[in-house]
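Chain by chain, the residues:
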Amino acid sequence: MGDREQLHDLRQQAHVAGIEGNSKMTEAQLREALRAVGKGEQSPRARHEAKR
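Just so it is clear, the structure is predicted and the values come from calculations on it, not from any experiment.

Caption draft 1: Summary view of the side chain of Gln 29. Turning to its location among the elements, Gln 29 is positioned in helix H2 (residues 27-38). There is a polar contact of 2.8 Å between the side chain of Gln 29 and the backbone nitrogen of Thr 26. Filtering out sequence-adjacent residues up to four positions away, Gln 29 remains in contact with Lys 24, Ala 50 and Lys 51.

In C-alpha cells, the structure reads:
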C-alpha cells in the first residue's frame, strides 16, 4: 500500500471514529489519536492530545 493510500485509510478511520479536523493532522497524529480512541478516550480529547 502506498503512502498516499495509507494516509487516506487513516483519515477514513479517523472519520469513522469521530475525530474531527483530521484532514489537518499528520500521519503520526492520526495514529496517536486512533490509538487513544481505541483505548476508550473521547475523540475530541484524543485529537487534542495528538496535536500537542
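Caption draft 2: Looking closely at the confidence of the model for the protein. Of the residues in the protein, 98% reach a pLDDT of 70 or more, and the chain-wide mean stands at 91. When mean pLDDT is compared element by element in the protein, H2 scores highest at 95, while helix H3 (residues 43-50) scores lowest at 88.

Caption draft 3: View of the packing of helix H1 (residues 3-17) against H2. At a closest axis distance of 10 Å, the pairing of H1 and H2 adopts a crossing angle of 35°. Of the two possible hands of crossing, H1 and H2 adopt the one that is left-handed. Of the residues in H2, those in contact with Gln 6, Leu 7, Leu 10, Arg 11, Gln 13, Ala 14 and Ala 17 of H1 are Glu 27, Leu 30, Arg 31, Leu 34 and Val 37. Across the contact of H1 with H2, the residue classes break down as 7 nonpolar, 2 polar and 3 charged.

Each value, and the rule that gives it
Residues numbered from 1 in each chain as written. Predicted model: local features only at pLDDT ≥ 70, side-chain atom pairs only at ≥ 80, totals over all residues. Heavy atoms only, no water. Helix = DSSP H or I, 4+ residues; strand = E, 2+ residues; numbered from the N terminus. Polar contact = N/O pair within 3.5 Å; in protein donor to acceptor, adjacent residues only side chain to side chain. Contact = heavy atoms within 4.5 Å. pLDDT = per-residue confidence, 0-100. Axes fitted to C-alpha atoms, helices over the stretch in contact; angles between N-to-C directions. Left-handed = near helix turned anticlockwise from the far one by under 90°. Nonpolar A, V, L, I, M, F, W, Y, C, P; charged D, E, K, R; others polar.

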